[in-house]
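One letter stands for each residue in the lines below.
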Amino acid sequence: MKPFAPLAAIASLVLAAPASARDADLAVPAGPLSEVAIAVARATDSSIVIADRSLARKRVPGINGRMDAAAAVQKLARASGLRAIRVGPGAWRLVSAPPPSPTRGTPRAPAPARVVAAPPPETQGQPITVTASKRDLALTDLAAQATLIDGAALERGGVGGTERITQRSAAVSSTYLGSGRNKLFIRGIADSSFTGPTQATVGQYLGDLRLSYNAPDPDLRLSDMERVEILEGPQGTLYGAGSLGGIIRLVPRAPEPGEASLTISGGASAITDGEPGGDLHATLNLPLAGETATLRANLDAATLGGYIDKPLLGARDVNRTRILSGRAALRLALGPDWTADVIVVGQDTEAEDSQYADRRGARLVNSARVVEGSRAEYGQAQLVVTGRLGALRFKTSTGISGQDLSERYDATAPGEAPQLFVQRNETRMIANETRLWQPLTGDFGWVLGTSLVDNRTTLTRALGPEGAQLASTGVRNTVFEITGYGEASYRIAPALTLSAGLRVTNVELGGAGEDVVRSVALAGAAITAERRETAILPSVALLADIGTSGRAYLRYQEGFRPGGLAVAGDFVRQFRSDHARTVELGGGWGLPGRGDFDIGWSISYTRWRDIQADFIDDAGLPTTANIGDGTIWAASLSGSVRILEGLRGEFGATINDSDVDEPAVAALDRVSRIPNIARFSGRAGLAWRREFAGGTRLELDAWAAYVGKSRLGIGPELGDLQGDYLDSGIVMRFGRDKAGLSLALTNLAGAEGNRFALGTPFATGREQITPLQPRTIRIGFDSRF
């Protein structure tokens, strides 16, 4: 098959022998055990695994002097009170050392029950590596605005989905049709409210492979994640099509060789004036063949209580949603520094009815006379091979994905009998990403890679009374991409680094109309004929170090989306590719969450040509076209500050200003701004920690986020305003690393708000809002065995 073509070309690289560990001059400062171990492993070309993850945050002294890997690991083990076990050439595991036996006849004194001092102030520690850079760049070496969200933070208050990301990043916004149906936007680059044939403006990735091509956010449960990385602005050189606004990369926790563990968490929730809900999560890490084969599996089940009433149907709390999700990863040790991972992900999301309400009238009431709702099914399987070739790193990822979304919309005209519009979007994708890189360890670092994507999406529609809908025109789009890319960085001066990159993509586009009269299809054969496009996406950046902790950068980057086919009346029509060019000035001080304070900022200007967007056509149905050119100014600011020992404040804000030139579609002559993007959004948070004797800990996280006003969509039918609301929440946990109880409260003020001014795209004579979920309380537990 085409996506597997690069594997044969690089087979000889996979068989090459990895490098052995070496002596090194170490100057590793004190810090968390995990970060000190990473620094030692990188400096000595060795592999160090911490068997008990609960020890990873333990603070240990620095490691200094010239020594080989074995001596460095033994020194680290002694400093941390652990035992080092050699598991292979240049590979060790750090395990808990057995407690010393007490002297016979000497009773052991009980530990005093007292509150101990707060943890010592955070130090700068080791560099934070951004894996989304595709060449292991430290955050301080990245000429871009990046947000890194710790996986543990995403699970506080219960496992959630993408909404947890939007709560913690002011730069990421979303539509709110429902779980598995939404579109995501970053930094003011948004196209429309619907999920049509256009590719997303935000690339979503699980590891190196994209989750989808031109399908909505699958809203995967963010359980057992190492972290989530967000890169703002076009990322065309490294990520190609569909990254005009930026990328979101999910980094799951990898299987841990030699460790058997089970983590279980769950909770029950109650919604004001709504139904109760519940959730359950389990993670199993299981060695299958010593250190050679390890399985890590996750299971998530959740029932989200409803809170929207439909009195004309005699139904209350209709929008209950059920989610069943799982992920499994099998890691095989092929040799020192070489691994193969088989990863399988699946999720089924079913919403019994819609979550929008009437704008005017009783609170949380929907006057539709039909049952709406949706079902989203997602699955992906990956094979990932990772290794070293001397000083070089190698990784190849191959995957197959499937995503099906079925939606029901109220299409009843005022005074008419109930009508239902049913839409089904089926997506199948095969993809491969292969790259070879040298980290920026000295003055020079680079990455070279190839990418292949074969994607097929079929959109079918039907309209009519319940149970008697007649098929209407649909569309099928096919895309085959083959890409080569590269990027390099060179320190042209001790405090100045120049980076440049280039991506060349060849795209083959095809498709056809669905449920189209044969004579019409033959007459439009030229429209659906296969065609090719070539995109060349350069990038260049200049990064300057300022003092010991500061940085500033100037960056130019491009992004694009290929064209396709969209429904137009009884047939389909073509829409062209769109292209974004961005110039960005940014910088920062410190590392996120460390030291007395840290800050990051950016100002960008984007010129967006031939914007692809959805709007309502003359028949009242959603369609897609190039609406014209536009410009976007965006500014973002984020950071944190230590207020007291154990208490840290966080903040973030974005400002966006956009303008659309004279539209290319006459019906859209009143378009002036990019839709779905607020001029201002901001968030603030507090994180408090208090340690007690015996290893118990009290943790509290509180946040508030404001989303400003924005316009729903393109065209007069979608001109309603939305936004201008404040959301908030607080999560408390008391316990130890291996067990705890939690209490979470969201929407503290009980605000109704309007997250999204659309529930159905049809002119039903009812203005619509999507309210915030009413005040919700959740009581939960977590335990680790």
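Everything below is about the structure shown above.
Rules of the game
- Residues numbered from 1 in each chain as written.
- Predicted model: local features only at pLDDT ≥ 70, side-chain atom pairs only at ≥ 80, totals over all residues.
- Heavy atoms only, no water.
- Helix = DSSP H or I, 4+ residues; strand = E, 2+ residues; numbered from the N terminus.
- Buried < 20%, exposed > 50% of the residue type's maximum accessible area, 1.4 Å probe, protein only.
- Areas by Shrake-Rupley, 256 points an atom, 1.4 Å probe, with all protein chains shown as cover.
- Pairing = 2+ DSSP bridges.
- Salt bridge = Lys/Arg side-chain N within 4 Å of Asp/Glu carboxyl O.
- 1 Å grid on protein atoms, 1.4 Å probe; cavity = no way out; pocket = protein on both sides within 12 Å on 5 of 7 lines; lining within 4 Å.
- Points joined across faces, edges and corners; volume = space filled by probe spheres on them.
- Nonpolar A, V, L, I, M, F, W, Y, C, P; charged D, E, K, R; others polar.
- Phe/Tyr/Trp six-rings, centres within 6.5 Å; stacked < 30°, edge-to-face > 60°.
- Lys NZ or Arg CZ within 6 Å of the ring centre and 35° of its normal.
- Core = buried A, V, L, I, M, F, W, Y, C linked by side-chain atoms within 4.5 Å.
- Contact = heavy atoms within 4.5 Å.

(A) Molecular detail of the overall build of the protein chain. Scanning the protein chain for helices and strands turns up nine helices and 46 strands. Looking at the 785 residues of the protein chain, the share that counts as buried comes to 56%. Surface summary for the protein chain: the accessible area is close to 31,000 Å², and the carbon and sulfur share equals 60%.

(B) Highlighting the sheet that holds strand S13 (residues 202-206). Read across the open sheet, the five strands follow the order S10-S15-S16-S13-S14; overall the sheet is mixed. At either end of the open sheet lies a strand with only one pairing partner, and these are strand S10 (146-150) and strand S14 (209-210). Examined bridge by bridge, strand S15 (residues 225-232) and strand S16 (residues 246-252) share seven bridges and lie antiparallel to one another. Each bridged residue has a counterpart across the sheet, and for glutamate 232 the counterpart in S16 is glycine 246.

(C) Up close: the pattern of salt bridges. Counted by the stated rule, this structure contains 55 salt bridges. Two residues, arginine 683 and glutamate 650, come together in a salt bridge whose shortest N-O distance is 3.7 Å. Note that arginine 683 is positioned in strand S39 (residues 680-691) and glutamate 650 in strand S38 (residues 647-660), a separation of 33 residues in sequence. Arginine 683 gets classed as buried once you look at its relative accessible area, which sits at 11%. Of the charged contacts in the structure, one is a salt bridge between arginine 733 and aspartate 782, with a shortest N-O distance of 2.8 Å. On the criterion of sequence distance, the pair formed by arginine 733 in strand S43 (residues 725-736) and aspartate 782 in strand S46 (residues 776-784) is long-range, its members being 49 residues apart. A cluster of three or more residues bridged by salt bridges with shared partners is formed by Arg156, Arg689, Glu691, Arg697, Glu699, Asp701, Arg733, Asp737 and Asp782.

(D) Examining empty space enclosed by the protein more closely. Within this structure, the stated rule accounts for 16 cavities of 30 Å³ or more. As a volume, the second largest cavity reaches approximately 470 Å³. Lining the second largest cavity are 35 residues, and of these Val172, Ser173, Ser681, Val707 and Tyr725 sit closest to its centre. Looking at the lining of the second largest cavity, the elements with two or more residues in it are helix H6 (163-168), strand S11 (172-174), strand S12 (184-186), S38, S39, strand S40 (697-707) and S43. The element contributing the most residues to the lining of the second largest cavity is S40, with four residues. Grouping the amino acids of the lining of the second largest cavity by side-chain chemistry returns 15 nonpolar, 15 polar and five charged.

(E) Structural view of the pairing of S13. Within S13, five of the five residues are buried, leaving the element largely enclosed by the surrounding structure. Burial along S13 is two-sided: Val202, Gln204 and Leu206 and Gly203 and Tyr205, pointing in opposite directions, are all buried. Here S13 pairs with S16 via five bridges, running parallel. Looking at S16, one finds that glutamine 204 is bridged to isoleucine 248. Pairing of S13 with S14, which is carried by two bridges, proceeds in the antiparallel orientation. Paired with leucine 206 across the two strands is leucine 209, which belongs to S14.

(F) Summary view of the packing of aromatic side chains. All told, the structure shown has eight aromatic pairs when counted by the stated rule. Ring-pair connections join several aromatic residues into one group, and the members of that group are Tyr409, Phe421 and Phe762. Here the guanidinium or amino end of lysine 134 rests over the ring plane of tyrosine 239, the centre of that ring lying 4.3 Å away. Cation over ring: arginine 435 sits above tryptophan 437, and NZ or CZ is 4.5 Å from the ring centre.

(G) A look at the nonpolar core. In this structure, Leu33, Val36, Val40, Ile48, Ile63, Leu76 and Leu94 are the most contacted members of the largest nonpolar core, which totals 23 residues. Only strand S1 (24-28), helix H3 (33-44), strand S3 (47-50), strand S5 (63-67), helix H4 (69-80), strand S6 (82-88) and strand S7 (91-96) provide two or more residues apiece to this core. With six residues, H3 is the single largest residue contributor to this core. For valine 40, the contacting residues outside a window of four places in its chain are Val28, Ser46, Ile48, Ile63 and Ala72. Ile186, Leu222, Ile230 and Val345 belong to the second largest nonpolar core, which has 21 residues in total.

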